[in-house]
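# Fold and contact review
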2 protein chains.
Amino acid sequence: MTNINLVSEYKCFDGKLGFYSHLSTTCNGEMRFTVYQPPQATQKPVPVLYFLSGLTCTEDNFMIKAGAQQWAAKYGLMLVAPDTSPRNTDIVGENEQWDVGTGAGFYVDATEIPWRSHYQMYSYIIQELPTVINTNFPAQPNQTSIFGHSMGGHGALICAMRNPQLYKSVSAFAPITAPMQCSWGQKAFNLYLGNNQEKWQMYDASQLVQKVGYHSTILIDQGTADQFLTDQLLPNVFEQACTEVNQPLNLRYQPGYDHSYYFISTFIADHIRHHAKYLGLIE
Amino acid sequence: MTNINLVSEYKCFDGKLGFYSHLSTTCNGEMRFTVYQPPQATQKPVPVLYFLSGLTCTEDNFMIKAGAQQWAAKYGLMLVAPDTSPRNTDIVGENEQWDVGTGAGFYVDATEIPWRSHYQMYSYIIQELPTVINTNFPAQPNQTSIFGHSMGGHGALICAMRNPQLYKSVSAFAPITAPMQCSWGQKAFNLYLGNNQEKWQMYDASQLVQKVGYHSTILIDQGTADQFLTDQLLPNVFEQACTEVNQPLNLRYQPGYDHSYYFISTFIADHIRHHAKYLGLIE
């Protein structure tokens, strides 16, 4: 039994939103996450949808801003949103830059000093966190999906493609789809993984889709007014890679939308319906 | 023509969310507000629904947290959320306490030194802000309603009851309904209005409803787990006052809900439908 601490709790759309912390063995320190339990979870275990957030976010942005709870309550699925990195690790420089270190774990298992002692976000997301959730909440352990935003969209794509048996479906808002080809990804991968680009490929969605593909249609929404579209996100690279291997992809360019949670909130219902379908909650 | 400055703008639910500042003559300094223009506003003027926020809030909390834009877009009404006080006025002590001064204008016209030079929130809300909105946005000036939360619920109730010709409908989340009987109200009224309680009565919803009433049903949602329910909000006092004068009131106690935006977001759709009905947008 894993010990988790309830930090605070709120009733929301007839369900229960909780903020939690726990001592993570994977990340070797305290980690935080939020869980929204829909009203249906008081009666029986429910499917779980994980949301991975973007650079600078914590575990709370998604629950405060995305407006997802109403749809989770409607369809009867649990939402889980973890923090985006370990914090307060005493790694020198962890708080010095917004795009590496605190708030920027990039969902990889770091192999390089000094990051490797704590920055094991990939294993945390696919192994430890689900165990914590399945042990402590009324979750259906075999009914799980994943989505995310920006850096978290990258995280969702790589977690899903590398673990298709764990995740019934994947979607993303404005994901970093080709981190090996953008400065955010290159900087983070260099620091966390070293300069051997062989190791990077397993964390690059555009590489992975050509190697392993995915068993269901990938949904991506991308705003055309997103300031990071052409430099960092590169959905065209991912689209091309999907085309080459006939990977079903529903890439929707949304005119005029930017990178913010106002964009996410506009299309959150579509994404939750996408997952509810693959989780067997709706037709 | 009033000059307003666009601080930032976001597309949201096919409409436009803008953050604005302007030089207020009423408050004698810069004031800030947000406006959500639904997609219908590109075709024709639309009704306007004002939201007044609670203690410590700024103009942005409502637009970030309440999830109101989706319903404003659906029914075709504009949302306007002003800041809760003047800021940076150089009044000595304006930032020293969270329940008076900055973030705590209480929607009154201050008569006391030093506050009266800037703290004219009542006149700002009912006169200057609507003029700014009607001049700069595609608003139907005669189709206006108002609602709010906590201190802003108090503000909405007094603005509506004192100006029934301006507001077609009023509603509130966990409003301060009898400020003369709670410590928040007494403290603020003493500082802003002086100790002559005659002047307080025109800013107390439970007093006002007995004097002037209101022309349509007042909708109030109140969480039963709200930590401020019995000390500060006192909906029972307002209910009693309404009963005495046969004022139609729909006071809904919502079991287990607290004072947070998670509570507001749960019932925001009901409130917007309430106003959409009185604004002639739905049956």
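Residues numbered from 1 in each chain as written. Chains lettered and ligands numbered in written order. Predicted model: local features only at pLDDT ≥ 70, side-chain atom pairs only at ≥ 80, totals over all residues. Heavy atoms only, no water.

### Quick notes on the interface of chain B and chain A
Taken residue by residue, the interface counts 23 residues in chain B and 23 residues in chain A. Taking both sides of the interface into account, the surface hidden between chain B and chain A amounts to around 1800 Å²; carbon and sulfur atoms contribute 57%. At the boundary of chain B and chain A, one finds 0 salt bridges. Between the two partners, chain B and chain A, sit 6 residue pairs in polar contact (both at pLDDT 80 or more). Of all the secondary structure elements, the ones that give two or more residues to the side of chain B that touches chain A are strand S1 (4-12), strand S2 (15-24), helix H1 (61-65), helix H2 (69-75) and helix H10 (261-278) of chain B. Across the side of chain B that touches chain A, the residue classes tally to 12 nonpolar, 6 polar and 5 charged. (Contact = heavy atoms within 4.5 Å. Buried area = accessible area lost by both parts, 1.4 Å probe. Salt bridge = Lys/Arg side-chain N within 4 Å of Asp/Glu carboxyl O. Polar contact = N/O pair within 3.5 Å; in protein donor to acceptor, adjacent residues only side chain to side chain. Helix = DSSP H or I, 4+ residues; strand = E, 2+ residues; numbered from the N terminus. Nonpolar A, V, L, I, M, F, W, Y, C, P; charged D, E, K, R; others polar.)

### Section: the relation of the copies chain B and chain A
Once chain B has been moved 0.0 Å along the axis and rotated by 180°, it coincides with chain A to within an RMSD of 0.0 Å. Those values place the two copies in the arrangement expected of a two-fold rotation axis. Here 100% of the interface residues in chain B have copies in chain A that are interface residues too; the copies meet face to matching face. (Least-squares fit on C-alpha atoms with pLDDT ≥ 70 in both.)

### So, the sheet that holds strand S3 (residues 29-37) of chain B
Residue and element names in this part refer to chain B. The strand order across the open sheet formed by 9 strands is S1-S2-S3-S5-S4-S6-S7-S8-S9, and the pairing between neighbours is mixed. In this open sheet, the two strands that pair with only one neighbour each are S1 and strand S9 (249-254). On average, each strand axis in the sheet is inclined to that of its neighbour by 20°, with strand direction left out of account. Across 3 bridges, the pairing between strand S4 (residues 46-52) and strand S5 (residues 78-82) is parallel. Along S5, the bridge assignment pairs Val48 with Met78. (Pairing = 2+ DSSP bridges. Axes fitted to C-alpha atoms, helices over the stretch in contact; angles between N-to-C directions.)

### Notes on the packing of aromatic side chains
All names here are of chain B. Counted under the stated rule, the structure contains 42 aromatic pairs over all chains. With a centroid separation of 5.4 Å and 20° between ring planes, the pair formed by Tyr20 and Phe33 is classed as stacked. Of this pair, Tyr20 sits in strand S2 while Phe33 sits in strand S3; the two residues are 13 residues apart in sequence, bridging distant segments of the chain. With relative accessibility at 0%, the residue Phe33 sits in the buried group. Ring centres of Phe62 and Phe147 lie 5.9 Å apart, and the angle between their planes is 85°; on these two criteria the pair is classed as edge-to-face. (Phe/Tyr/Trp six-rings, centres within 6.5 Å; stacked < 30°, edge-to-face > 60°. Buried < 20%, exposed > 50% of the residue type's maximum accessible area, 1.4 Å probe, protein only.)

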